[in-house]
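Commentary on secondary and tertiary structure
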Amino acid sequence: MKNAYSIDRLDVRALARAGDVFEGEVSLSQCERLLSEMAGASETLPLIHWRAQGEWRERTGGAGQCWLHVTARLELPLVCQRCLGPVTVPLEFDRSFRFVADEATAEREDEEAEEDLLVISPQFNLLELIEDELLMDLPLVPRHEPDCPVEIPLSAQDEDFDAATAQRPNPFASLAQLKRKH
């Protein structure tokens with residue numbers, strides 16, 4: 001009988017010991033922080049496609065190590081910061097995590113470990129981890145690549161602005177006259 005896993009209460013140790021693969025899709029509506037980044041309202045929300053594979057690594061002279069390899073991808077609609085139009089940005093990650101017994105161990109081993117360390121718990125929330133990783137993959141400045149589909153106005157001024165500045169006297173002109181008098 002195959003183990004039944006839950007994305008919000010995952011027994012990582014059981015997944016790793018069995019070497020199982022756990023995968024699926026979740027609606028963006030289940031990830032409030034990612035949903036808040038989405039541009040505009042949509043009738044259908046994008047799906048997050050994810051996959052988690054557990055691995056148990058035996059070590060000589062020590063306890064075994066629990067690993068979780070996680071991948072996820074999402075096509076997220078954002079606002080292009082160049083043309084202010086909608087742009088769909090692909091977000092994707094592929095990471096491996098090693099689980100340790102407690103926070104003290106994680107802090108102690110974090111400096112020397114190349115992999116990411118997480119504290120194991122009997123009900124690990126994989127969905128939160130996936131959302132965190134996708135948030136870290138968000139671009140600082142979303143934009144169309146290589147060019148925007150619409151022409152971008154390069155001037156920040158309009159005719160009314162130019163007319164208003166032409167009518168105002170230069171405030172330093174009177175200072176220049178005072179300097180000439182002395």
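Scroll up a little and you will see the structure.
Residues numbered from 1 in each chain as written. Predicted model: local features only at pLDDT ≥ 70, side-chain atom pairs only at ≥ 80, totals over all residues. Heavy atoms only, no water.

What about the nonpolar core?
Judged by nonpolar contacts, the single largest core of 38 residues is most densely connected at Leu34, Ile48, Val70, Leu76, Leu126 and Ile130. Put simply, the parts of the chain that give this core at least two residues each are helix H1 (12-18), strand S1 (21-27), strand S2 (47-59), strand S3 (62-79), strand S4 (86-100) and helix H4 (126-136). Residues contacting Ile130, with those up to four places away along its chain left out, are Ile7, Ile48, Trp50, Val70, Ala72 and Phe93. (Core = buried A, V, L, I, M, F, W, Y, C linked by side-chain atoms within 4.5 Å. Buried < 20%, exposed > 50% of the residue type's maximum accessible area, 1.4 Å probe, protein only. Helix = DSSP H or I, 4+ residues; strand = E, 2+ residues; numbered from the N terminus. Contact = heavy atoms within 4.5 Å.)

What about the pattern of salt bridges?
Applying the stated criterion across every chain, the model contains ten salt bridges. Note that Glu133 and Arg95 form a salt bridge whose closest N and O atoms lie 2.5 Å from each other. Of the two residues, Glu133 sits in helix H4 while Arg95 sits in strand S4, which places them 38 residues apart along the sequence. Among the residues examined, Arg95 registers a relative accessible area of 28% and is labelled partly exposed. A salt bridge links Arg98 to Glu115, with the nearest nitrogen and oxygen atoms 2.6 Å apart. With a gap of 17 residues between them, Arg98 in strand S4 and Glu115 in the loop between helix H3 (103-110) and strand S5 (116-119) connect regions that are remote in the sequence. Through salt bridges with shared partners, one network takes in Arg33, Glu131 and Asp132. (Salt bridge = Lys/Arg side-chain N within 4 Å of Asp/Glu carboxyl O.)

Focus on the side chain of Glu131
Mapped onto the secondary structure, Glu131 falls in helix H4. Relative accessible area serves as the criterion here: at 7%, Glu131 is assigned to the buried category. Not counting the four nearest positions on each side in its chain, Glu131 is found in contact with Cys31, Glu32, Arg33 and Leu34.

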